[in-house]
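Listed below are the residues making up each chain.
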Amino acid sequence: MILTVTLNAALDITHHLDRMRPHGSNRVRAVAQRAGGKGVNVARILHALGHPTVVTGLTGGLTGRAIRAELASAGLADRMLAIAGESRRTVAVVEEDAGDTTILLEPGPVVGVGEWARFLDHLDTLLPHAAAAVLSGSLPRGVPEDAYAHLLRLAHAHGVPAVLDADGTALSTALAAGPALVKPNAEELAAATGLADPVAAARRLRTAGAGAVVASLGADGLVAVTPHGGWRARSPERLAGNPTGAGDAAVAALTLGLVRGEPWPDRLAEAVALSAAAVAAPLAGDFDPALHHALRSRVDVHPFATEESDPCP
């Protein structure tokens, strides 16, 4: 199974309307509510693809109970750890006519020192059963800023490869702990390195300790710098829709490719197709299966020269 870790789990609320009118009243055409957070979205995609997954992280309060109830109704295996603080909510406002989305992100609970220690012990019991771990999303207040480095070292102790999807200090402090893969977007990659060129920036993260770097560049697809070489991968179509869960779909595909030992071009083609199919779905954590199938064989993946020479996978 693949274990997904969402330290700052959320209750995602999505409003659909024709077009947002700032400073005025807006009539919502449809609203949906479900458990969210980047790791939960990854688990939802993996579950839909038929791969066993377990969701863990931190939840608390009435919102936390609503998160866990929705996980159960979705058929996702839940090993969340309860905390005293109230879990956060996120609100996405999807403008159908404009093909645009506005997202409001609450900060989340404050996690106590004892609660963080309990979570480390809790994760230590789950990792022996995992083929890979996905560590993704923001950090709640109270956990150390190098929280992901702690989790990566635990995963290494159990021989479990870990995929990291984080930004800012949470990313930079984790690199030296050796994630198997990091998946920043273009903005996060530039902020982490100070470099505008995504290939040069990805190389910088490799030098800092990441096993491989796959950066999502929005409509321009993915760029990958790995121990086996570099590739660019791009969808044959530009799709309008809700991009909120596209990166999580790419992480799901890349993690599954890691577990299966697939060649990098295949992993990247699947990641591009699945993330594009996620844009076409109304909610983060979903994807359009027909579109995913139609795009998979049409993704353009081509190599580029890298300075990488290390033989590790």
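Located above this text is the structure these notes cover.
The present account deals with the structure reproduced in this document.

The rules we used
Residues numbered from 1 in each chain as written. Predicted model: local features only at pLDDT ≥ 70, side-chain atom pairs only at ≥ 80, totals over all residues. Heavy atoms only, no water. Helix = DSSP H or I, 4+ residues; strand = E, 2+ residues; numbered from the N terminus. Rg over C-alpha atoms; globule rule 2.2 N^0.38 Å. Buried < 20%, exposed > 50% of the residue type's maximum accessible area, 1.4 Å probe, protein only. Contact = heavy atoms within 4.5 Å. Areas by Shrake-Rupley, 256 points an atom, 1.4 Å probe, with all protein chains shown as cover. Pairing = 2+ DSSP bridges. Salt bridge = Lys/Arg side-chain N within 4 Å of Asp/Glu carboxyl O. Arc of directions from axis to C-beta. Phe/Tyr/Trp six-rings, centres within 6.5 Å; stacked < 30°, edge-to-face > 60°. Lys NZ or Arg CZ within 6 Å of the ring centre and 35° of its normal. Core = buried A, V, L, I, M, F, W, Y, C linked by side-chain atoms within 4.5 Å. Axes fitted to C-alpha atoms, helices over the stretch in contact; angles between N-to-C directions.

So, the overall build of the protein chain
Then, in step 1: Looking only at helices and strands, the protein chain has 10 helices and 15 strands in total.
Then, in step 2: Against the globule reference of 20 Å for 313 residues, the protein chain gives a C-alpha radius of gyration of 19 Å, in line with a compact fold.
Then, in step 3: C-alpha atoms of the protein chain, sized along the principal axes, occupy 55 × 50 × 40 Å.
Then, in step 4: For the protein chain, the proportion of its 313 residues judged to be buried stands at 52%.
Then, in step 5: Long-range pairs, those at least 24 residues apart, make up 68% of the contacts in the protein chain with a sequence separation of at least 6.
Then, in step 6: Carbon and sulfur atoms make up 54% of the accessible area of the protein chain, which totals about 13,100 Å².

With respect to the environment of Arg 267
Then, in step 1: Along the chain, Arg 267 turns up in helix α9 (residues 264–279).
Then, in step 2: Sequence separation of Arg 267 and Val 143 is 124 residues, and the distance between their C-alpha atoms is 33 Å.
Then, in step 3: Those residues in contact with Arg 267, other than ones at most four positions away along the chain, are Leu 254, Gly 257, Leu 258, Gly 261 and Glu 262.

Thoughts on helix α1 (residues 38–48)
Then, in step 1: Taken across its 11 residues, α1 has eight buried, putting it largely inside the fold.
Then, in step 2: Along α1, the positions that sit buried rather than exposed are Gly 39, Val 40, Asn 41, Val 42, Ala 43, Arg 44, Ile 45 and Leu 46.
Then, in step 3: Trailing α1 by a residue or two, Gly 50 shows a phi angle of about 90°, which is positive.

Re the pairing of strand β7 (residues 88–95)
Then, in step 1: Burial of β7 is extensive: six of the eight residues sit out of reach of the surface.
Then, in step 2: Summarising the sheet, strand β2 (residues 10–17) and β7 pair through eight bridges and their orientation is parallel. Looking at the pairing, Ile 13 lines up with Val 91 of β7.
Then, in step 3: Bridge analysis of β7 against strand β8 (residues 100–105) gives six bridges, and the strand direction is antiparallel. Within β8, the residue paired with Val 91 across the bridge is Leu 104.
Then, in step 4: Linkage of β7 to β8, two consecutive antiparallel strands, is achieved through a turn of four residues, within which Gly 99 is found at a positive phi near 65°.

Some points on the pattern of salt bridges
Then, in step 1: Scanning the model with the defined rule gives 10 salt bridges in all.
Then, in step 2: A salt bridge links Asp 18 to Arg 29, with the nearest nitrogen and oxygen atoms 2.7 Å apart. Taken together, the residues Asp 18 in the loop between β2 and β3 (30–36) and Arg 29 in the loop between β2 and β3 connect sequence positions 11 residues apart.
Then, in step 3: Assessed through its relative accessible area of 52%, Arg 29 is described here as exposed.
Then, in step 4: Linked through salt bridges whose partners overlap, the residues forming this network are Lys 38, Asp 165 and Asp 248.

Considerations on helix α7 (residues 198–208)
Then, in step 1: For α7, the full list of buried residues reads Val 199, Ala 201, Ala 202, Leu 205 and Arg 206. The arc that holds every buried residue of α7, seen down its axis, measures 160°, which confines them to one face.
Then, in step 2: Residues of α7 that are buried sit in contact with β11 (181–182), α6 (186–193), β12 (213–216), β13 (222–226), β14 (229–234) and β15 (300–304).
Then, in step 3: The first or second residue beyond α7 is Gly 209, which carries a positive phi of 135°.

Some remarks on the packing of aromatic side chains
Then, in step 1: In this structure the tally under the stated criterion is one aromatic pair.
Then, in step 2: The interplanar angle of 20° and the centroid separation of 6.1 Å between the aromatic rings of Trp 116 and Phe 119 together place this pair among those described as stacked. Of this pair, Trp 116 and Phe 119 both sit in helix α3 (residues 113–126), three residues apart, which is roughly one turn of the helix.
Then, in step 3: In this structure, Arg 232 packs its charged tip against the face of Phe 304, placed 5.4 Å from the ring centre.
Then, in step 4: Sitting over the face of the ring of Trp 264, Arg 267 holds its NZ or CZ atom 4.3 Å from the ring centroid.

Regarding the nonpolar core
Then, in step 1: Leu 7, Phe 119, Leu 135, Tyr 148 and Leu 151 are the most contacted members of the largest nonpolar core, which has 46 residues in total.
Then, in step 2: Among the elements that line this core, the one with the most residues is helix α4 (residues 147–157), at seven residues.
Then, in step 3: Each residue touching Leu 7, except ones within four places of it in the same chain, is listed here: Leu 58, Trp 116, Phe 119, Ser 138, Leu 139, Pro 140, Ala 147, Tyr 148 and Leu 151.
Then, in step 4: Counting residues in each nonpolar core, the second largest holds 34 residues, with Ile 2, Ala 252, Leu 274 and Ala 278 among its members.

A short note on the sheet that holds β2
Sheet strands pair via backbone hydrogen bonds, and the direction of the pair is either parallel or antiparallel.
Then, in step 1: The four strands lie next to each other as β3-β2-β7-β8, forming an open sheet whose pairing is mixed. At either end of the open sheet lies a strand with only one pairing partner, and these are β3 and β8. Here the strands of the sheet are splayed against their neighbours by 20° on average, with no regard to which way each runs.
Then, in step 2: Against the sheet, α1 makes contact with β2 and β3, and its axis sits at roughly 95° relative to β3, the strand it touches most.

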